[in-house]
Amino acid sequence: MKIHPPLYYGDYLQLPKILNAQAPESAKYGEEVHDETLFIVVHQTYELWFKQILHELNSIREIMAQPFVPSTDLYVINARLERVTAIQQVLIDQIQVMETMTTLDFMEFRDYLVPASGFQSLQFRLVEAVLGIRSEHRMDIEKQFINSRLKPEDRQALEKEESKVGIFELLEAWLARMPFSRFEDYDFWGEYELAVHKMLKQDHEIILNNPGLDEPLRAMELKNLETTRETFATLLDADKFAGQRAQGRFRLSQKAMLSAVFIFLYRDYPALQMPFEILSSLVEIDEKFTTWRFRHALMVHRIIGTKIGTGGSSGQEYLKSTTERNRAFLDLFNLATFLMPKSLAPALPKAIKDQLDIVYDARQS
């Protein structure tokens, strides 16, 4: 190991740069407004965490881009996804710090910030792009604001990132390569369809015999049950699935969705535990960003009411409208639609169980 000169804490972290990077705009026009420093520090902290999230997601993307992802890499992928979700929780909790600033406190310096806006956070847009959110997934008004508010070089950087393969596409390819959409010598999905029929038949009987339902409500429940039956039929029919996918109801391919359903149904088997954890972590990333967007919208509503944002948007109304839209892994949320109680799930043949299991008993070798 090379001998290196003593390292000083402040030099290593470049604290002089960081701690002198707060330049309140209000000071340029008179007396500095006290709460503007808080506003700057909070947003700079967000950007530092976005940098770390990008660092983690880019490393995950690199691993998942391999033609074959070794099982030993799955732990690394999930550990880094869990790190991202831990950071996201910090982002959510940080809103409480910002909410210590009142409306009147903010109004003291707000006008100095126009037209700067969170729209212009390139790093957050890059995070969305790496996850798999593309321009076509955004509302028209959001696309217009992003295109008009970003500097040309930032817009080019975002377009370049969006042209790359995202984690969503890599996840889809990984799931589609798995052998769970079809098995030799065993029609699993035929057995699954029979189990679905049995489950829905039980639901039908419950609705018919429920004394707490009046006739209009019973009719509505039966109609909903028929919709559920059609949803299951779509999953299992390649043509129906392709039609629904073309309409934007699904983003994942049918093969990828079938693999994901299989993983969730049989997650207790050792070979499927880490894939299940990865899918669950991706759901949590979507959930936490949705929570963060919603909490941010509530904070904005609380501080500026129904005023327009500094970037020219409709403020909290716009922020609320993006809460549900920008989710890369909505298909994984919808997997719950296709699950059933363990007691109804098809029993797997021994040959398949052995592939998914780990035998520790020496007597079995």
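Only a predicted model underlies this, so the values are computations on that prediction, with no experimental measurement involved.

Visitor: Sorry if this is basic, but what is going on with helix α13 (residues 254-265) here?
Guide: Residues lying three or four places apart along an α-helix face the same way, a consequence of the helix completing one turn every 3.6 residues. Its twelve residues give α13 an end-to-end C-alpha distance of 16 Å, which sits within 8% of 16 Å, the value for a rise of 1.5 Å per residue. For α13, a buried count of eleven out of twelve residues is recorded, marking the element as mostly surrounded by other parts of the structure. Listing the buried residues of α13 in full gives Q254, A256, M257, L258, S259, A260, V261, F262, I263, F264 and L265.

Visitor: Looking at this structure, I do not really get the packing of aromatic side chains. What am I missing?
Guide: Each pair of aromatic rings is reported with the distance of its centres and the angle of its planes. Counted by the stated rule, this structure contains 27 aromatic pairs. For the pair F106 and F109, a centre-to-centre distance of 5.3 Å together with 85° between the ring planes defines the contact as edge-to-face. Neither residue differs from the other here; F106 and F109 are each classed as buried. Site record: aromatic cluster; members linked through ring pairs are F180, F183, Y186, F188, W189, Y192, F232, F262, Y266, Y269 and F338. For R251, the ring lying beneath its charged end belongs to F168, and the centroid distance is 3.8 Å. In this structure, R327 packs its charged tip against the face of F333, placed 4.3 Å from the ring centre.

Visitor: Help me understand helix α11 (residues 215-236) in this model?
Guide: For α11, which comprises 22 residues, the first-to-last C-alpha distance of 32 Å matches the rise-based estimate of 32 Å (1.5 Å per residue) to within 8%. Within α11, the full set of buried residues consists of R218, L225, T231, F232, T234 and L235. On its buried side, α11 packs onto α10 (188-209), α12 (238-246) and α13. The backbone nitrogen of L217 lies 2.9 Å from a side-chain oxygen of the residue at the head of α11, namely D214.

Visitor: Looking at this structure, how should I read the environment of I278?
Guide: Locating I278 in the fold gives a position in helix α14 (residues 270-304). On the basis of relative accessible area, I278 is assigned to the buried category, the value being 1%. A C-alpha to C-alpha distance of 16 Å links I278 and N334, two positions 56 residues apart in sequence.

Calculation notes
- Residues numbered from 1 in each chain as written.
- Predicted model: local features only at pLDDT ≥ 70, side-chain atom pairs only at ≥ 80, totals over all residues.
- Heavy atoms only, no water.
- Helix = DSSP H or I, 4+ residues; strand = E, 2+ residues; numbered from the N terminus.
- Expected span 1.5 Å × (residues − 1).
- Buried < 20%, exposed > 50% of the residue type's maximum accessible area, 1.4 Å probe, protein only.
- Phe/Tyr/Trp six-rings, centres within 6.5 Å; stacked < 30°, edge-to-face > 60°.
- Lys NZ or Arg CZ within 6 Å of the ring centre and 35° of its normal.
- Contact = heavy atoms within 4.5 Å.
- Polar contact = N/O pair within 3.5 Å; in protein donor to acceptor, adjacent residues only side chain to side chain.

Just geometry here; none of it tells us what the structure is for.
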